[in-house]
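So you can see what is in the structure, the chains are spelled out below.
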Amino acid sequence: MINYLPILILFIVAVGFAVTNVALSAVLGRQKPGVEKLSPYECGIEPIGSARERFSVKFYLIAMLFVIFDIEVIFLYPWAVAFKSLKVFGFVEMVIFIGILFICYFYIWKRGGLEWD
Amino acid sequence: MITITHYLVLSAILFMLGVVGVLIRRNAIVIFMCIELMLNAVNISFVAFAYHLHSMQGQMFVFFTMTVAAAEAAVGLAIIVAVFRNKETVNIDDMNIMKW
Amino acid sequence: MTFNILSILPILVLAGFGMLVLVVDVMSARKLGEKNLLAYLSLAGIVIAAIVSRNSTATTLFSFNETFTIDNYALFFNILFLLSTGLVILISHSYIKREDINHGEYYALLMFSTIGMMLMASGADLLNIFIGLEVMSISIYILTGFKRSKLISNEASLKYFLLGAFATGFLLYGISLVYGTTGTIDLRQIASFVAGKGGVKDPLLLMGMGLIIVGLGFKVASVPFHAWVPDVYEGAPTAVTAFMSVGPKAAAFAAFMRIFLTAFGSSHYEWQKAIWILAVLTMTVGNVVAISQTNIKRMLAYSSIAHAGYLLVALVAANNMGVSGTLFYLLAYIFMNIGAFAIVIVLSQKGDVGMNIDDYAGLGFKHPMLAIAMTLFMFSMAGIPPMAGFVGKFYIFSAAIKSGYVGLAIIGVINSVISVYYYLRITVIMYMKEPVRDFHPLTISPLIVVAIAIAVVGTLHLGIFPSKVMEIAQRSILTLR
């Protein structure tokens, strides 16, 4: 356990530094809230409309595609762990698997699923 | 000491929360999230069993459940978006064109 | 590591053709001529898959550490699925053109769904069966909502999806409990565990079994898990309705029988009671509610529920005659049901107009051939000799009597008599009433005519010469236990 002592010290120092700074700025700083200060910061430009707008459906499409490809990669982990014992068979299977994913990607691309407009 | 029973009880509670959510909520997306909760509750029980039995099959099953859930999520969202485009609502009480 | 490429060859062929259809579709310019090509390409895929399935008949093949098996049972179902998908492609061709949903994805999804069914029939462990079920269902969720711009199709799809995913949760929890109590997901190892304990005594295992019944009961459309059936059948594109009333039902029964006869075969007293109740409820509710339907698709939906009930009777009997009778019945059901839906498609107009039973008035005078074919399918579903449906019901009910379930058989026969009413009503309307509408334009093409012809020949052939197919069915079930 003693080996982890430096990490504990670092942790305490880091937390202490952050807390101290926040506390100091709250205590020492002058607070004059106004309309301008409380409005959302949009690169210095005047905010337009409400932030609670409906998202474009295109985000959903991209999210769906992302979820699929993101999760399929899950199979690479067990394969990588057992790579040595699976030998060539595992390799070929994974090439086929990635090949199928590639065909899917190609299909989505050609179908226009990745185009924003 | 956390035993397998704890995990199983947790899994059962989460599963029941999902079931109750599906039965009482009215928004299609929330219902779908409850279904996902059910699937993930089952995942917990699979992993707990796999650890308890020292068997890899359960963990393997979880991998597949997760991918299946992802595929279902994609298709489900697509269907819900299609419904919303035509109907401007995803409240399942409004899904009443067909009655027996 | 056991791996036999022959065992998964049909699946590989279908997957290859499915992806080929997708790629050809996105690569080609959007011309209608190309879309014909897609239909033929898919048919070629189905035929090649059937041919390579036939070549592997000799022995039971295993793959993937014995989690995937091609025995005669799986082979029978593979051919059955390929036949149903082939017929559905034949009847879809002109339909999806009429409804403006002529996208290449349609054929690809049909094939992917078939892959799922094959996985279900061939799975030797619960994982494969589960994945197969999901591949099949997810494809059908999409197909149900394939008429994207039509609200009714959207609604059907959403209902099917939410309820289907809900049922999947139960199935999965059941599998998890079975895994936890038996320590394995392999069906034969579960079987030896259960046999070693002298039946299912563990309440957790019992609960797992019950949850699996719920999950699969949903897929076969048994009462009380049937709420989705009429709406989904009505809302889905008619060709998809034809598809999901045969293939997925057969696949779910394939998995049902494999799980319960192989894994839990030695403790059938525990589950027979539950299935008995399901069977009686399913038959009765299906038939009684079908009587009051005015929309033909909804009527066929309830009839499909009723047929699931008859098949559950065979599962209760759980003897060789019942199981092989189920295989026979499923085959017969493919012919008569897809045939009936083909005629529904031919007689309806764009936007699925003309789905009311009264719209069939006078068909017998206007289009005698179609009316005869429809009569044939209705007689077969009602179980009137010499049609295939009669032979199937005969096998199933005699199996029930043989296993000592006389009461169940009687309920089944009474139900079948009730069903004669609403099947014959269509025939009566077709021949005894004056035509109320013009049937033109018919949605007809050479392909759909071929499909109807195959269905007619199949229905009659199985009804008049059942012994050959029955023999094959009996040989197919030997590996189940």
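Reading the values: rules and limits
- Residues numbered from 1 in each chain as written.
- Chains lettered and ligands numbered in written order.
- Predicted model: local features only at pLDDT ≥ 70, side-chain atom pairs only at ≥ 80, totals over all residues.
- Helix = DSSP H or I, 4+ residues; strand = E, 2+ residues; numbered from the N terminus.
- Rg over C-alpha atoms; globule rule 2.2 N^0.38 Å.
- Buried ≥ 20, exposed ≤ 12 C-beta atoms within 10 Å, placed from the backbone.
- Contact = placed C-beta atoms within 7 Å.
- Nonpolar A, V, L, I, M, F, W, Y, C, P; charged D, E, K, R; others polar.
- Core = buried A, V, L, I, M, F, W, Y, C linked by C-beta atoms within 7 Å.
- Expected span 1.5 Å × (residues − 1).
- Bend = angle between axes of the 7 residues up to and from the residue.
- Axes fitted to C-alpha atoms, helices over the stretch in contact; angles between N-to-C directions.
- Parallel < 35°, antiparallel > 145°, perpendicular 65-115°, else oblique.
- Left-handed = near helix turned anticlockwise from the far one by under 90°.
- pLDDT = per-residue confidence, 0-100.

### Some points on the overall build of chain A
The helix and strand inventory of chain A stands at 5 helices and 0 strands. Going from N to C terminus, chain A has its helices and strands arranged as α-α-α-α-α. What you see for chain A is a C-alpha radius of gyration of 26 Å, clearly larger than the 13 Å of a compact globule of 117 residues, by over 25%. Seen along its three principal axes, the alpha-carbon backbone of chain A occupies a region of about 70 × 55 × 15 Å.

### Considering the overall build of chain B
A count of helices and strands for chain B gives 3 helices and 0 strands. Seen in sequence order, chain B has helices and strands lined up from the N terminus as α-α-α. On C-alpha atoms alone, chain B measures out to a radius of gyration of 17 Å, which is more than a quarter above the 13 Å that the 2.2 N^0.38 rule sets for 100 residues. C-alpha atoms of chain B, sized along the principal axes, occupy 50 × 25 × 25 Å. Within the span of chain B, comprising 100 residues, buried residues form 37% of the whole. Counting only contacts in chain B whose residues sit at least 6 apart along the sequence, the fraction spanning at least 24 positions is 49%.

### Concerning the interface of chain A and chain C
Facing 6 residues of chain A, the contacting portion of chain C comprises 7 residues. Its residues assigned to classes, the side of chain A that touches chain C shows 4 nonpolar, no polar and 2 charged.

### With respect to the interface of chain C and chain B
Contacts between the two partners involve 33 residues from chain C and, on the opposite side, 36 residues from chain B. Taken together, the elements giving at least two residues each to the side of chain C that touches chain B come down to α5 (126-144), α6 (151-182) and α9 (228-235) of chain C. Among the elements that make up the side of chain C that touches chain B, the one with the highest residue count is α6(C) (17 residues). Tallied by class, residues from the side of chain C that touches chain B come to 17 nonpolar, 10 polar and 6 charged.

### Quick notes on the nonpolar core
Residues and elements named next belong to chain C. Counting 230 residues, the largest nonpolar core has Ile91, Val316, Ile338 and Ala342 as the members making the most contacts within it. Among the elements that take part in this core, helix α13 (residues 320-347) stands out by supplying 21 residues, more than any other. Not counting chain neighbours up to four residues away, the residues in contact with Ile91 comprise Ala239, Ala242, Ile338, Phe341, Ala342, Ile345, Ile448 and Ala451.

### Notes on helix α5 (residues 83-111) of chain A
Since the α-helix packs 3.6 residues into each turn, any two residues three or four apart lie on the same face. Residue and element names in this part refer to chain A. Across its 29 residues, α5 extends only 35 Å between first and last C-alpha, which sits more than 12% below the 42 Å expected from 1.5 Å per residue. At Phe89, α5 shows its largest bend, some 70°. Downstream of α5 by a residue or two, Gly112 has a phi angle that is positive, lying close to 90°.

### Quick look at the environment of Tyr40(C)
Tracing the chain through its elements places Tyr40(C) in helix α2 (residues 32-54). Note: C-alpha distance between Tyr40(C) and Leu90(C) (50 residues apart in sequence) is 9.3 Å.

### Describing the packing of helix α2 (residues 28-53) of chain B against α6(C)
Contact pair α2(B) / α6(C): the axes reach a minimum separation of 9 Å and the direction vectors enclose 15°. As far as their axial angle goes, α6(C) and α2(B) are roughly parallel. Viewed along their axes, α2(B) and α6(C) form a crossing whose handedness is left-handed. Where α2(B) approaches α6(C), its residues Ala28(B), Ile31(B), Phe32(B), Ile35(B), Met38(B), Leu39(B), Val42(B), Ser45(B), Phe46(B) and Phe49(B) are matched on the opposing element by Leu158(C), Leu162(C), Ala165(C), Phe166(C), Gly169(C), Leu172(C), Tyr173(C), Ser176(C), Tyr179(C) and Gly180(C). In terms of residue class, the contact of α2(B) with α6(C) is made up of 16 nonpolar, 4 polar and no charged.

### Thoughts on the packing of helix α4 (residues 104-122) of chain C against α5(C)
All names here are of chain C. Closest axis-to-axis distance for the α4/α5 pair is 7 Å, and the angle between their directions is 155°. When the axis of α4 is compared with that of α5, the two are roughly antiparallel. As α4 packs across α5, the resulting crossing turns out to be left-handed. Across the interface between the two elements, Leu109, Phe112, Ser113, Ile115, Gly116, Met117, Leu119 and Met120 of α4 pack against Asn128, Ile129, Ile131, Gly132, Leu133, Val135, Met136, Ser139, Ile140, Ile142 and Leu143 of α5. Taken together, the residues of the contact of α4 with α5 sort by class into 14 nonpolar, 5 polar and no charged.

### Quick word on the confidence of the model for chain B
Residue and element names in this part refer to chain B. When pLDDT is averaged along chain B, the result is 91, and 98% of the positions lie at 70 or above. Confidence scores differ between elements of chain B, with helix α3 (residues 57-87) showing the lowest mean pLDDT of 92 and α2 the highest of 94. As scored by the predictor, the complex reaches a pTM of 0.90 and an ipTM of 0.96.

### Re unusual backbone geometry
Residue and element names in this part refer to chain C. A cis amide bond links Val223 to the next residue, Pro224, at an omega of 5°. Among the structural elements, Pro224 can be located in the loop between α8 (203-219) and α9. Here the amide bond leading from Pro385 into Pro386 is cis, since omega sits at 5°, within 30 degrees of zero. With respect to the element layout, Pro386 can be found in the loop between α15 (368-382) and α16 (388-402). Positive phi, close to 60°, is recorded for Asp100, a residue that is not glycine. You can see Asp100 is positioned in the loop between α3 (72-98) and α4.

### Considerations on the environment of Thr59(C)
On the secondary structure map, Thr59(C) appears in the loop between α2 and β1 (61-63). It is 28 Å that separates the C-alpha atoms of Thr59(C) and Phe335(C), two residues lying 276 residues apart in sequence.

### Quick word on α5(C)
Across its 19 residues, α5(C) extends 26 Å between first and last C-alpha, which sits within 8% of the 27 Å expected from 1.5 Å per residue. Most of α5(C) sits out of view: 18 of its 19 residues are buried.

### Here we look at the environment of Asp25(C)
Residues and elements named next belong to chain C. On the secondary structure map, Asp25 appears in helix α1 (residues 5-27). Asp25 sits in the buried class, given 23 other C-beta atoms within 10 Å. For the pair Asp25 and Val178, spaced 153 residues apart in sequence, the C-alpha to C-alpha distance is 43 Å. Not counting chain neighbours up to four residues away, the residues in contact with Asp25 comprise Leu38 and Gly104.

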